[in-house]
Amino acid sequence: MLSEKMVKELNNQINEELFSSYLYLSMSSYCNAQGLAGFSNWMRVQAQEELSHATKIFDYLLERNAQVTLGSIEQPKHEWKDLLNVFEETLAHEKHITGRFNLLMSVAIEEKDYATQSFLKWFIDEQVEEESNVDNMLSKLKLIGDNTSAVFYLDQEASTRVYVAPTAE
Ligand code: OFO
């Protein structure tokens, strides 16, 4: 049985993931408004991934017979300085999420909750990949600066990203 503290933190994490999805959906709309349909797609896929993270935690709580308590989702911002700023904030947000999973893992370790430790491992690994993907895009954006044709080339690349549902584990 999950401890009260573990249930509370996992519930909080559902909210964090839903907010992440909301934030990236808002970024997707911003990119579209800037004429960057490829980056809009990239962010939309990111939003879908976050939604799947929320439901993965939701399903785990149900599987463990714990109660899911959904709270309200904070309104995301809808304006950024430019595309570079969008990716700077995405990286900062993903670092925050990594911190959240580290905290969840610390709770699971403290509680000797081995099943939740095993469940959380997928997210810990996923965060390494998420941070790296965003960091790579950010480095490219920093390199190209104001070079419009390079931005459009990158936008083309971003348009090829497709959503892949996480495998059931
Ligand atoms: Fe972007 O991360 Fe969810 O978990």
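See above for the structure.
Below you will find a few notes about this structure. Note that this is a predicted model, so its numbers are computed, not measured.

Scoring rules and cut-offs
- Residues numbered from 1 in each chain as written.
- Predicted model: local features only at pLDDT ≥ 70, side-chain atom pairs only at ≥ 80, totals over all residues.
- Heavy atoms only, no water.
- Salt bridge = Lys/Arg side-chain N within 4 Å of Asp/Glu carboxyl O.
- Helix = DSSP H or I, 4+ residues; strand = E, 2+ residues; numbered from the N terminus.
- Buried < 20%, exposed > 50% of the residue type's maximum accessible area, 1.4 Å probe, protein only.
- Lys, Arg positive; Asp, Glu negative; His and termini not counted.
- Contact = heavy atoms within 4.5 Å.
- Phe/Tyr/Trp six-rings, centres within 6.5 Å; stacked < 30°, edge-to-face > 60°.
- Lys NZ or Arg CZ within 6 Å of the ring centre and 35° of its normal.

## Concerning the pattern of salt bridges
Then, in step 1: If you walk through the whole model with that rule in mind, you get 8 salt bridges.
Then, in step 2: Linking Glu 157 and Lys 140 is a salt bridge whose minimum nitrogen-to-oxygen distance equals 3.0 Å. With Glu 157 in helix 5 (residues 148-158) and Lys 140 in helix 4 (residues 114-144), this pair connects stretches of sequence that are 17 residues apart.
Then, in step 3: Exposure remark for Lys 140: the relative accessible area of 32% places this residue in the partly exposed category.
Then, in step 4: Connected through shared salt-bridge partners, Glu 9, Glu 16 and Arg 100 make up one network.

## Quick look at the side chain of Glu 94
Then, in step 1: Counting through the fold element by element, Glu 94 comes out in helix 3 (residues 83-110).
Then, in step 2: Summary of buried charges: Glu 94 has no salt-bridge partner, and the nearest side chain of opposite charge, Arg 161, is 8.5 Å away.
Then, in step 3: In this view, Glu 94 contacts Tyr 24, Gln 46, Glu 50, Gln 127, Glu 130, Glu 131 and Val 134; residues no more than four positions away in its chain are not counted.

## Digging into the packing of aromatic side chains
Then, in step 1: In total, this model carries 7 aromatic pairs according to the counting rule given.
Then, in step 2: Taking the centre distance of 4.0 Å and the plane angle of 5 degrees together, the rings of Tyr 60 and Phe 119 count as stacked. With Tyr 60 in helix 2 (residues 37-63) and Phe 119 in helix 4, this pair connects stretches of sequence that are 59 residues apart. Of the two residues examined, Tyr 60 and Phe 119, each falls in the buried class.
Then, in step 3: Here the aromatic rings of Phe 101 and Phe 123 are separated by 4.7 Å at their centres, their planes lie at 15 degrees, and the arrangement is stacked. With Phe 101 in helix 3 and Phe 123 in helix 4, the pair connects residues that are 22 residues apart, well separated along the chain. This pair shows no difference in class: Phe 101 is buried, exactly as Phe 123 is.
Then, in step 4: Following the ring pairs from residue to residue traces out a cluster consisting of Tyr 60, Phe 101, Phe 119, Trp 122 and Phe 123.
Then, in step 5: Positioned above the aromatic ring of Trp 122, the side-chain terminus of Lys 56 is 4.3 Å from the ring centre.

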